[in-house]
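Here is how the chains run, residue by residue.
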Amino acid sequence: QVQPVESGGGLVQAGGPLRLSCVASGLTLSNYATGWFRQADGEGREFVAAISWSSGAAYYTDSVKGRFTISGDNAKNTVYLQMNNLRPEDTAVYYCAREFRRFTSWSTESWEYGYWGQGTQVTVSS
């Protein structure tokens, strides 16, 4: 079974950084977008960021623009989410996933992704 593995979450003070990693061993990432989603308690799963491996372009939800950076390492088959200036409202379980097929526009909906990881908890204290 192919499933990404997220890591790097933890407890951090507001304003601090965290870097999340998503290792996708055995999963082809080239030519697909890989996204990060998050889900806070009692909330739905929210799109955070995505990277297009074919173009190298990235797309972010407005609330994280300028603070988060998504990147990838092809040799390690790993995607990262560098999170800076964290806020309490960033507290959530963060998931990574890959598109189940190529789309012609940015994929920001959960149904457009497959191969979901188990998630990693990010807690930001105020």
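For the structure itself, consult the block above.
Scope of this entry: the structure provided in the associated data block. (Residues numbered from 1 in each chain as written. Predicted model: local features only at pLDDT ≥ 70, side-chain atom pairs only at ≥ 80, totals over all residues. Heavy atoms only, no water.)

Comments concerning the pairing of strand β11 (residues 120-125)
- Here β11 shows a buried face lined by T120, V122 and V124 and an unburied face lined by Q121, T123 and S125.
- Pairing geometry for strand β2 (residues 10-13) and β11, over four bridges, is parallel. When the bridges of β11 are listed, Q13 appears paired with S125.
- Pairing of strand β9 (residues 92-99) with β11 involves three bridges; the strand directions are antiparallel. What sits directly across from Y94, in β11, is T120. (Buried < 20%, exposed > 50% of the residue type's maximum accessible area, 1.4 Å probe, protein only. Helix = DSSP H or I, 4+ residues; strand = E, 2+ residues; numbered from the N terminus. Pairing = 2+ DSSP bridges.)

A look at the sheet that holds strand β7 (residues 68-73)
- Across the sheet, which stays open at both edges, the four strands sit in the order β1-β3-β8-β7 with antiparallel pairing between neighbours. Each edge of the sheet is formed by a strand with only one pairing partner; in this case those strands are β1 (5-7) and β7. On average, adjacent strands in this sheet sit at an angle of 15 degrees to one another, irrespective of strand direction.
- Both β7 and strand β8 (residues 78-83) contribute to a ladder of six bridges, which runs antiparallel. By the bridge assignment for β8, F68 is matched with M83. (Axes fitted to C-alpha atoms, helices over the stretch in contact; angles between N-to-C directions.)

A look at the nonpolar core
- Of all hydrophobic cores here, the largest spans 25 residues; its most connected members are W36, V48, F68, I70, L81, M83 and Y94.
- Residues F37, F47, Y113 and W116 belong to the second largest nonpolar core, which totals eight residues. (Core = buried A, V, L, I, M, F, W, Y, C linked by side-chain atoms within 4.5 Å.)

Some remarks on the state of the cysteines
- What the rule picks out here adds up to one disulfide.
- A sulfur-sulfur distance of 1.8 Å marks the disulfide that ties C22 to C96. Its S-S torsion of approximately 60 degrees makes the covalent link between C22 and C96 right-handed. Linking C22 in strand β3 (residues 18-23) with C96 in strand β9, this pair joins segments that are 74 residues apart in sequence. C96 matches C22 in its accessibility class, with the two residues each being buried. (Disulfide = S-S within 2.5 Å.)

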